[in-house]
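Structural characterization, general
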Amino acid sequence: MKVERCEATAWWSSTTAMTLPEKLVCGYIVLIPLLWAVGLNLPVAFVVIFGMFLFRVRSHFAWLHALPWFVVGVMQITSVVANWDDSMQPWWMIGKHLLASYVSGWFLLGAAIGLGASGLVRPARLIDAIGRLTLWTALLAVPTICVAYSLPQHYLYVLTPVGRLLPASLPSRATSFGMFFYNWDHIAGIHLPRIALFYPWPTALGFAGVCTIFVLWKCPNYRSRILGILCGLGMVCFSLSRTALVAVAVSLLVRWALTWPARVRVATAFGVASVLCGLWLCAGSPAQAMAALEQELEQTRPGASQARDEVYKASWAGVYEAPLLGHGWPGYSVENNDTVYGEDNVMVVGSHSTISGLLYKGGAITFGALILALMSLGVSLLRRCSFALAKDGCAVVVAIMLTATNEGLESLVFPTLFIFLWLGTVLVEPDRLECYCAHYT
């Protein structure tokens, strides 16, 4: 029966010719290095991913999985409109807010998951394109590190040709229309270069590396699989991201735990929870234990951690001022000691955390919609946990949740669109997923 279903859905394999949607989506992923250098990465991403979903996807299944993320975007728009009405901003600022990542990022995320779940792009083609992008990232990281040790500059950032045509007042000009290669930073008392490359900042590179490990976990070609996993680990190491290091360790443990029998998983979860409670009691209280852990981590990058603390403190203060609808958009700036994008690194209130940041910008209505979207995604994956791909997808969701504690998820969507496209392919109907797993395992 499995063979018949695989033959009936031969389009799911990589042996047949590429369709137009596959050419556009996979072509975009493979050409990201070139688009990044020119400054067309963001515009092409919106045209290809969101445009393809809007005009080509007719699957109710795909729209069902995209809808929860669209609801998050709609709730954020509600917050923007409500706060704009109470502010003195001109009417055209509405358009600026709607195009910003804290609004458009949620719609792009939903479109990516929906496009992947539509079946228009076969997993084999998508994984091959992601593997090529990962290889290019790792290959370019090596000369970038050599340049970092050769040049006296504290950072290397180049504005793209398209970026030079945009006004300097545009917030996304530096992050989305520039080439940020590296910047030097103090990590655990050691002065080291942190790589960014096709991603706006090093933490995004580390997050992409963590997810890439699980995306290429079931690559059919053994050499490509090993090379891809090594490149993903290299991306984590090159980024020097503490969040990425924690995420890769925890996600691997979760992926391993999902292979255990159900009773063992439940018993292990209970045991881990008991141990954590015991450690907390020994520390005096959960709050004291978390504070001690955070203090140890902050000592590795004291300057950046101090700036983050100021951002978080101001964000939570803003949450208490407008708990339901939030403030609509990010707040004032807090300077950091780092220098990136050709100027002082500035952190804005409502950033660097999906929890406090989203509560600040969108309030409880937007944060509640995000919780429902994550629960919908998690339940869909857990229902398919008998398949290896769904287990990999669960590990990626864990990495997303861990990274979102220190970064805004909506800002990570654009540079890591291929991750959410892949998650969409994991959500396809069980019979097609079974056929795909049988073909690759």
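Residues numbered from 1 in each chain as written. Predicted model: local features only at pLDDT ≥ 70, side-chain atom pairs only at ≥ 80, totals over all residues. Heavy atoms only, no water.

**As for the environment of V210**
Among the secondary structure elements, V210 is positioned in helix α11 (residues 202-215). With relative accessibility at 1%, the residue V210 sits in the buried group. The spatial distance from the C-alpha of V210 to the C-alpha of L233 is 7.0 Å, given a sequence separation of 23 residues. (Helix = DSSP H or I, 4+ residues; strand = E, 2+ residues; numbered from the N terminus. Buried < 20%, exposed > 50% of the residue type's maximum accessible area, 1.4 Å probe, protein only.)

**Side note on the packing of aromatic side chains**
Each aromatic ring pair is specified by the distance between its two centres and by the angle formed by the two planes. One pass over the full model with this rule turns up 9 aromatic pairs. Seen in terms of ring centroids, W36 and F181 are 5.4 Å apart; in terms of plane orientation they differ by 70°. Their pairing is edge-to-face. Placement of W36 in helix α3 (residues 32-38) and of F181 in strand β2 (residues 178-187) is noted, with a sequence separation of 145 residues between them. According to the relative accessible area criterion, W36 is buried, its value standing at 9%. The exposure class assigned to F181 is buried, which follows from its relative accessible area of 16%. (Phe/Tyr/Trp six-rings, centres within 6.5 Å; stacked < 30°, edge-to-face > 60°.)

**What to know about the pairing of β2**
Across the 10 residues that make up β2, a large majority, 9, are buried. Relative to β2, strand β1 (residues 155-159) runs antiparallel, the two sharing 5 bridges. What sits directly across from L159, in β2, is G178. When β2 meets strand β3 (residues 190-197), the two strands line up antiparallel, connected through 7 bridges. Among the inter-strand pairings, F180 is bridged to a residue of β3, identified as L197. (Pairing = 2+ DSSP bridges.)

**Quick look at the confidence of the model for the chain**
Detailed conclusions should not be drawn from predicted coordinates in areas where pLDDT is low. Mean pLDDT over the chain stands at 83; residues scoring 70 or higher make up 82%. Residue range residues 1-14 is modelled with pLDDT below 50. Its contacts to residues more than four positions away, or to other chains, number 23 contacts. Under a pLDDT of 50 for its full length, residues 283-291 has, in the predicted model, 6 contacts with residues more than four places off or in other chains. (pLDDT = per-residue confidence, 0-100. Contact = heavy atoms within 4.5 Å.)

**Thoughts on helix α12 (residues 222-239)**
Taking 1.5 Å per residue, 18 residues should reach 26 Å; α12 reaches 26 Å between its end C-alpha atoms and fits that length. Along α12, the positions that sit buried rather than exposed are G228, I229, C231, G232, G234, M235, V236 and S239. Here the buried face of α12 lies against α8 (123-150), β3, α11 and α13 (242-257). Among the residues trailing α12, L240 stands out with phi positive, at a value near 55°. (Expected span 1.5 Å × (residues − 1).)

**Description of the side chain of R173**
When you line up the elements, R173 lands in helix α10 (residues 172-176). A distance of 3.0 Å separates the side chain of R173 from the backbone oxygen of G163, its partner in a polar contact. Polar contacts involving the side chain of R173 include one to the main-chain carbonyl oxygen of L166, which spans 3.1 Å. Non-local contacts of R173, meaning those with residues more than four positions away in its chain, are made with Y157, L159, G163, R164, L166, P167, A168 and G178. (Polar contact = N/O pair within 3.5 Å; in protein donor to acceptor, adjacent residues only side chain to side chain.)

**Describing helix α2 (residues 20-30)**
The α-helix winds at 3.6 residues per turn, so residues separated by three or four positions along the chain end up facing the same way. Of the positions making up α2, those classed as buried are P21, E22, V25, C26, Y28 and I29. Down the axis, α2 shows its buried residues gathered within 150° of arc, on one side only. Residues of α2 that are exposed and point over 90 degrees away from its buried face: L20 and K23. Packed against the buried residues of α2 are α3, α4 (41-56), α7 (101-117), α8 and α20 (417-426). (Arc of directions from axis to C-beta.)

**Quick notes on the sheet that holds β3**
If you walk across this open sheet you meet the 3 strands as β1-β2-β3, and the pairing is antiparallel. The sheet is open, and its two borders are formed by β1 and β3, each paired with just one other strand. Between one strand axis and the next, the sheet turns through 20° on average, direction left out of account. Of the strands in this sheet, β2 and β3 are in contact with α11, which crosses β3 at around 70°. (Axes fitted to C-alpha atoms, helices over the stretch in contact; angles between N-to-C directions.)

**Looking at the side chain of S104**
Here S104 shows up in helix α7. Polar contacts involving the side chain of S104 include one to the main-chain carbonyl oxygen of L99, which spans 3.1 Å. Sequence-distant contacts of S104, defined by excluding residues within four places in its chain, comprise F46, L98 and L99.

**Brief notes about the state of the cysteines**
Taken as a whole, this structure holds 0 disulfides when the rule is applied. Unpaired in this structure, C385 has its nearest cysteine sulfur neighbour in C394, at a distance of 3.9 Å. (Disulfide = S-S within 2.5 Å.)

**Examining the packing of α11 against α20**
Between α11 and α20, the least distance of the axes is 10 Å, while the angle of their chain directions is 30°. What the angle tells us is that α11 and α20 run roughly parallel. Of the two elements, α11 crosses α20, and the hand of that crossing is left-handed. From α11, A208, C211, T212, F214 and V215 reach across to α20, where they touch F418, I419 and W422. (Parallel < 35°, antiparallel > 145°, perpendicular 65-115°, else oblique. Left-handed = near helix turned anticlockwise from the far one by under 90°.)

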